[in-house]
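Understanding the architecture of this molecule
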Amino acid sequence: MYLLSWTLAALLVVLSSVDTTVSAVPLTWPTLPIFDADNDAFVLPESINPTQYIVNLVPDIKSKKFHGEVNILGQTDDTGFEVNRIVLNADDLKVKSVQLVDLTEGAREVQIKNFVLKRIPQWLVVTLASNLSANSDYQLRIKFEGNFGVEAGMYHASYDDDYTKIGGDVAFTEFQTTYARKVFPCWDEPKYKASFIMRVARYPQQISLSNMPLKSTSVPDPHEDNRVWDTFEESPDMSTYLVAMVVAQLVSVHDPVHNLSIWTQPGRQEGAQYALNLTGQLMDRMDQYTGIPYTLPKLDQVALPKLRHQAMEHWGVIAFSERFLVVDDLNSLKQKQQVAFHISHELSHQWFGNLVTMEWWNYVWLNEGFAEFFQYFLLDMLEPTWRLMEIFVVNEMQSMLTHDSFLFTHPVTMSKVRSVVDIEKVFDSVSYCKGGALVRMLYHIMTPDLFQKAIRDYLQQNSLKSVTEDELWDSLSSVQTELNWICRLT
Ligand SMILES: [Zn+2]
């Protein structure tokens, strides 16, 4: 997630004239319930570990409502816990039905006593007539309805500039940090990684996008106002906050070498060419540096009319506010840098955050600190005349030092992050700037070669997993012998 514009603002101070309208970023948050942050009441208790979601969504822009069904495959582990309830996240949803099938016992339906939505702490509690069995496979099927949100979950926006306006209204989702639960019931914590098969209903004149490539499109469904169903391929295991969906009338420019597309409203595709060329080059650099090719079969980048944040790194379908992806004036250094910074940051997240994800939100600097550092480091490989590694010191380190001098500063890893309010608060300059500065420090004290070797190990050992700092330190320590040898020489 690209949250604040201190990066761009300071860059412009040094390299170009300052346009304060560009650096002014609206930070409006949804109204959040106040929780007691001193206990674990918000962390889901153990019941079933989800392994696969099939999510069916029918967004209706006109009424600002949606409905759908989620089929969740999950397993119980061998600890034999004797619980008669399943607890998962849901918020602001109307749950219409819940069905549970024990697949281990020949698809036996498990009797459900009742199901209750608890607004605090945003749980759907399904009470069963009998206990769950250990080492068993279950299928949970839930039908639900919901309303579009204002700036989180599923919401809509309209292109309102002077282009063709064919793009009109867009329905899309943004789930970071805890807003997937506003669109479908799920285990909405980053450590619960599972695969996703998304099915989205749309009108024939629209297109839909999701994390994975389109697999098939149905004939018009008379039960859904003759919408067609787009079914997307199954994703690798991922966290719920990275799932995304877009429905709109969009056009694209395409790079077949990288299977990369930039989507805009009709009439603005010319302005997407800079982003297309740059992203392909950055993907090559990231592949080479990490030794891990970009994981998914395709990458879409979408220019939306607005976004809660400036950009969001959904795996395989990165969302941008339009001005951070489209360059209309190639002579404008300011426009190019604005777009380049955002692409570089979100592309870095495809490895740092999406492929390897923090286990819980108190480790968010593992996502944002690395993305912040690589945003400069990666772009510097292509644009050395921008002197970005020097700009990093001006932007990130100075911001960090300022923030760190305030009473409300905190360690990069916070001990108590539990409630929705706590989670939103950790997306600050400590996680971004101090996290990035910490990564830069490691890069310099370890030497570039050993840092790269350790980072490759970190990504390879933890691909498709969730991590704490321990996994990072393990990989950094794996080059310790060579590092000690270098230190003795110097
Ligand atoms: Zn980010």
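What you see as residue numbers is a count from 1 along each chain, following the sequence as written. Confidence filtering applies because this is a predicted model: local features only for residues at pLDDT of at least 70, side-chain atom pairs given and counted only at 80 or more, and all residues used for totals across whole chains, interfaces and linings.

Topic: the overall build of the protein
Scanning the protein from terminus to terminus reveals 11 helices and 22 strands. Counting the 490 residues in the protein, one finds 45% classified as buried. Pairs at least 24 apart in sequence give 70% of the contacts found in the protein among residues at least 6 apart. Numbered from the N terminus, helices here are DSSP runs of H or I no shorter than four residues, and strands are runs of E no shorter than two. With C-beta atoms placed from the backbone, a residue is labelled by how many other C-beta atoms lie within 10 Å of its own: buried for 20 or more, exposed for 12 or fewer, partly exposed between the two. Note on contacts: residues are paired as contacts if their backbone-placed C-beta atoms lie within 7 Å.

A closer look at the pairing of strand β15 (residues 245-248)
Taking every second residue as pointing to the same face, both faces of β15 are buried, with Met-245 and Val-247 on one and Val-246 and Ala-248 on the other. Pairing of strand β10 (residues 169-174) with β15 involves two bridges; the strand directions are antiparallel. Looking across to β15, one finds that Phe-172 is bridged to Val-246. Here a strand pair is declared whenever DSSP counts at least two bridges between the two strands. Judged from the four bridges that link them, strand β12 (residues 207-210) and β15 form a sheet pairing that is antiparallel. For Ile-207, the partnering residue across the bridge sits in β15 and is Ala-248.

Describing the UniProt feature "site: Transition state stabilizer" (unreviewed entry) in the protein
UniProt positions are given in the numbering used here, feature names are shortened, and annotations may be inferred rather than shown by experiment. Taken from the UniProt record, the annotation "site: Transition state stabilizer" (unreviewed entry) applies to Tyr-432. Using a count of 30 C-beta atoms within 10 Å as the deciding quantity, one classes Tyr-432 as buried.

Observations concerning the sheet that holds strand β3 (residues 85-89)
With antiparallel pairing, the three strands of this open sheet are ordered in space as β3-β7-β6. Among the strands making up the open sheet, the edge pair consists of β3 and β6 (112-118). Direction aside, neighbouring strands of the sheet carry axes that sit 15 degrees apart on average. The pairing of β3 with strand β7 (residues 123-128) spans five bridges and is classified as antiparallel. If you follow Val-87 over to β7, its bridge partner there is Val-125. Between the N-to-C directions of two axes lies an angle of 0 to 180 degrees, each axis being a line fitted to C-alpha atoms and, for a helix, fitted only over the stretch in contact.

Considerations on the packing of helix α3 (residues 273-290) against helix α5 (residues 365-382)
Between α3 and α5, the shortest axis-to-axis distance is 10 Å and the interhelical angle comes to 110 degrees. The angle between the axes of α3 and α5 places the two elements in the roughly perpendicular class. For the crossing formed where α3 meets α5, the hand is right-handed. Along the contact surface, α3 presents Gln-281, Leu-282, Arg-285 and Met-286, while α5 presents Leu-378, Met-381 and Leu-382. Counted by class, the contact of α3 with α5 contains five nonpolar, one polar and one charged residues. For classification purposes, angles smaller than 35 degrees are called roughly parallel, those larger than 145 roughly antiparallel, those between 65 and 115 roughly perpendicular, and all remaining angles oblique. Handedness of a helix crossing follows the sense of rotation of the near helix relative to the far helix, less than a right angle counterclockwise being left-handed and clockwise being right-handed. Side-chain classes follow a simple rule in which Ala, Val, Leu, Ile, Met, Phe, Trp, Tyr, Cys and Pro form the nonpolar group, Asp, Glu, Lys and Arg form the charged group, and the remainder, Gly included, forms the polar group.

Some remarks on the nonpolar core
By convention the nonpolar core is taken to be a set of buried residues drawn from Ala, Val, Leu, Ile, Met, Phe, Trp, Tyr and Cys and joined through C-beta atoms within 7 Å. Val-246, Ala-275, Val-302, Ala-319, Phe-320 and Leu-325 are the most contacted members of the largest nonpolar core, which totals 124 residues. Looking at which element gives the most residues to this core, the answer is α5, with 10 residues. Ala-275 has contacts with Ile-262, Gln-301, Leu-325, Val-327, Val-339 and Ile-343, leaving out every residue within four places of it along the chain.

Some details on the environment of Val-302
Along the chain, Val-302 turns up in strand β18 (residues 299-304). It is 9.8 Å that separates the C-alpha atoms of Val-302 and Val-251, two residues lying 51 residues apart in sequence. With sequence-adjacent residues up to four places away left out, Val-302 is seen in contact with Leu-209, Val-246, Trp-263, Val-317, Ala-319 and Phe-320.

Points about the sheet that holds β12
Read from one edge of the open sheet, four strands run β9-β10-β15-β12, paired in antiparallel fashion. Two strands in the sheet have a free side with no partner beyond their single neighbour: β9 (153-158) and β12. This sheet shows a mean twist of 15 degrees between the axes of neighbouring strands, independent of strand direction.

Focus: helix α9 (residues 448-461)
Helical periodicity: at 3.6 residues per turn, an α-helix aligns residues three or four positions apart in one direction. An ideal rise of 1.5 Å per residue puts 20 Å on 14 residues; α9 measures up with 20 Å between its terminal C-alpha atoms. Ala-454, Ile-455 and Tyr-458 are the residues of α9 that are buried. Looking down the long axis of α9, one finds its buried residues gathered within 100 degrees of arc, a one-sided arrangement. Take the number of residues in a helix, subtract one, and multiply by 1.5 Å to get its expected span. What the arc measures is the spread of directions leading from the helix axis to the C-beta atoms.

Side note on the pairing of strand β8 (residues 137-147)
A one-sided burial pattern is seen for β8, the buried positions being Tyr-138, Leu-140, Ile-142, Phe-144 and Gly-146 and the unburied ones Asp-137, Gln-139, Arg-141, Lys-143, Glu-145 and Asn-147. Two elements, strand β2 (residues 65-75) and β8, share 11 bridges in a ladder whose sense is antiparallel. Opposite Lys-65, over in β8, you have Asn-147 as the bridge partner. Pairing of strand β4 (residues 93-102) with β8 involves nine bridges; the strand directions are antiparallel. By the bridge assignment, Leu-100 is partnered in β8 with Leu-140.

Some words on the packing of α5 against helix α6 (residues 388-404)
Packing of α5 against α6 leaves a shortest axis separation of 9 Å and a crossing angle of 155 degrees. In terms of orientation, α5 and α6 fall into the roughly antiparallel class. Relative to α6, the crossing made by α5 is right-handed. Residues Glu-372, Tyr-376, Leu-379 and Asp-380 of α5 form the contact with α6, whose participating residues are Leu-388, Met-389, Ile-391, Phe-392 and Glu-396. When its residues are assigned to classes, the contact of α5 with α6 shows six nonpolar, no polar and three charged.

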